[in-house]
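Residue strings, one per chain:
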Amino acid sequence: MDNNNEPITVWLSLSQLYSSITDKLEQALQQEYGLSLKEFSVLYFISQSEEKKLRLQSLQEMIGLSQSATSRLVVRMEANDCGALHRHMCENDRRGIYTQITEIGEDKFQRALKTFNQVLQSELQREGLQAEFASLVHRLF
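The structure presented is a predicted model; accordingly, all values stated were derived computationally and were not measured.

Caption draft 1: How the structure looks around the pairing of strand β3 (residues 97-101). Sheet topology note: the strand β1 (residues 53-55)/β3 ladder contains three bridges and is antiparallel. When the sheet's bridge partners are listed, R55 is paired in β3 with Y98.

Caption draft 2: Main features of unusual backbone geometry. Even without a glycine there, the phi angle at K52 is positive, about 60 degrees. Positionally, K52 belongs in the loop between α2 (37-48) and β1.

Caption draft 3: Spotlight on the packing of aromatic side chains. Enumeration over the complete set of coordinates arrives at four aromatic pairs. An angle of 10 degrees between the planes, with centres 4.7 Å apart, marks the rings of F40 and F116 as stacked. With F40 in helix α2 and F116 in helix α5 (residues 103-124), this residue pair connects regions lying 76 residues apart in the sequence. F40 gets classed as buried once you look at its relative accessible area, which sits at 4%. The class of F116 is buried, set by a relative accessible area of 17%. Taken together, a centroid distance of 5.5 Å and an interplanar angle of 65 degrees make the contact between Y44 and F45 edge-to-face.

Caption draft 4: Inspection of the pattern of salt bridges at higher detail. Taken as a whole, this structure holds seven salt bridges when the rule is applied. A salt bridge links E51 to K53; the nearest nitrogen and oxygen atoms lie 3.6 Å apart. On the accessibility criterion, E51 (52% relative accessible area) is exposed. For K53, a relative accessible area of 25% translates into the label partly exposed. Salt bridges linked by common partners bring K24, E123 and R126 together as one network.

Caption draft 5: Representation of the sheet that holds β1 in the model. With antiparallel pairing, three strands are arranged side by side in an open sheet as β1-β3-β2. Taken across any chain shown, the strands that pair with only one partner, and hence form the sheet edges, are β1 and β2 (85-89). Neighbour-to-neighbour, the strand axes of this sheet turn through a mean angle of 25 degrees, independent of strand direction. Helix α3 (residues 56-63) contacts β1 and β3 of the sheet and is inclined by roughly 90 degrees relative to β1.

Caption draft 6: Structural context of the environment of L73. Structurally, L73 is set in helix α4 (residues 67-78). Sequence separation between L73 and Q110 is 37 residues, and the spatial gap between their C-alpha atoms is 19 Å. Each residue touching L73, except ones within four places of it in the same chain, is listed here: K38, E39, V42, I63 and L65.

Definitions and cut-offs
Residues numbered from 1 in each chain as written. Predicted model: local features only at pLDDT ≥ 70, side-chain atom pairs only at ≥ 80, totals over all residues. Heavy atoms only, no water. Pairing = 2+ DSSP bridges. Helix = DSSP H or I, 4+ residues; strand = E, 2+ residues; numbered from the N terminus. Phe/Tyr/Trp six-rings, centres within 6.5 Å; stacked < 30°, edge-to-face > 60°. Buried < 20%, exposed > 50% of the residue type's maximum accessible area, 1.4 Å probe, protein only. Salt bridge = Lys/Arg side-chain N within 4 Å of Asp/Glu carboxyl O. Axes fitted to C-alpha atoms, helices over the stretch in contact; angles between N-to-C directions. Contact = heavy atoms within 4.5 Å.

Set out below in structure tokens:
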């Protein structure tokens, strides 16, 4: 049996770095805007789409949630206390549901995007992170 656990150790270390940065992003978004990282991702993907709307099925694939979890997330973001999204039926295919970002959602997203970028830059420039990351990637190959 091969006891070379180097790839596993490196992979877990990379995962830990990713999780640490993700936690900081989640904390900042939650604290400043009441947004989870998944909710921020929803706003990002929709705001980047051509017509500022996406079919729920496409959104589900982009954010990596089940159909029911995506639907619940969109319903929460559509609720009156958030108002960031608006759902509507596809005119050509009554089974298709689109979700569109509202003005409130776009404004919230733009403000959250600034915070996201600030926190991400800060974390990526943290002392020793680049060297640690480069070392881990080098050890994988």
